[in-house]
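Understanding the architecture of this molecule
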Amino acid sequence: DDSMERTLILLKPDCVQRRLMGRVLARFEDKGLNIIAMKMMRVTPDLAKKHYAEHVKKDWYPALEGFITGGPIVAAVVEEMLGATSGLKAAPGTVRGDFSSSRQMNLVHGSDGPEAAQREIALYFLDEEICANEPAISLWLRAADEG
């Protein structure tokens, strides 16, 4: 469905190590977002270079790569069911505001737009790993005339 906007969410190593995975994922679910793919994995230096391609030449990149490859992450694809103005972008900010006290160790990554999401999702997931579905609750998340 083209009205569904997808984004890649990464629960970064600090989120996993601090045992905040469930609490962070619950925020996305509570917001009415649909998780359609998820896996725990290690980011390799090669994957980090692809994901952060625009930053590889920056002097702080080695620290970023060391951080993101330093422990397991959880990669997830979420689908926004409420349209672009629903507050998807507020969800990670709330997580960071409540749990993070660091610029680098900021717990979550969220794609910063549809084009970035498409590129990033392809780095972490094969098409067959995405389980698109519309949960029954979606009928109760918005009125029929809200599109």
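Everything below is about the structure shown above.
Cut-offs and rules
- Residues numbered from 1 in each chain as written.
- Predicted model: local features only at pLDDT ≥ 70, side-chain atom pairs only at ≥ 80, totals over all residues.
- Heavy atoms only, no water.
- Helix = DSSP H or I, 4+ residues; strand = E, 2+ residues; numbered from the N terminus.
- Buried < 20%, exposed > 50% of the residue type's maximum accessible area, 1.4 Å probe, protein only.
- Arc of directions from axis to C-beta.
- Contact = heavy atoms within 4.5 Å.
- Patch = residues over 30% accessible without salt bridge, like charges linked within 9 Å, V, L, I, M, F, W, Y side chains within 5 Å.
- Areas by Shrake-Rupley, 256 points an atom, 1.4 Å probe, with all protein chains shown as cover.
- Salt bridge = Lys/Arg side-chain N within 4 Å of Asp/Glu carboxyl O.

Before going further, it helps to examine unusual backbone geometry. The backbone of Arg 19 shows a phi angle near 60 degrees, a positive value even though the residue is not glycine. Within the secondary structure layout, Arg 19 lies in the loop between helix H1 (13-17) and helix H2 (21-30).

To continue, consider helix H4 (residues 61-68). At 3.6 residues per turn, the α-helix brings residues three or four places apart onto the same side. All buried positions along H4 are accounted for by Tyr 61, Leu 64, Glu 65, Phe 67 and Ile 68. When H4 is viewed along its axis, its buried side chains cluster within an angular range of 160 degrees and face the same direction. At its buried positions, H4 is contacted by H1, helix H3 (45-51) and strand S3 (73-80).

A cluster of nonpolar side chains, contributed by Ile 137, Leu 139 and Trp 140, occupies part of the molecular surface with about 450 Å² of accessible area. Its place among the elements puts Leu 139 in the segment after helix H6 (114-124).

Moving on to the pattern of salt bridges. The full count for this structure, using the stated rule, is four salt bridges. For Glu 79, the salt bridge is made with Arg 6, and the minimal N-O distance between the two is 3.0 Å. Placement of the pair is Glu 79 in strand S3 and Arg 6 in strand S1 (residues 5-11), with a sequence separation of 73 residues. Here Glu 79 falls in the buried class, since its relative accessible area comes to 5%. Residue Arg 6 is classed as partly exposed on the basis of its relative accessible area of 32%. A salt bridge links Lys 39 to Glu 129; the shortest N-O distance between them is 3.2 Å. One end of the pair, Lys 39, is in strand S2 (residues 33-41); the other, Glu 129, is in the segment after H6, and 90 residues separate them in sequence. Owing to a relative accessible area of 30%, Glu 129 belongs among the partly exposed residues under this scheme.

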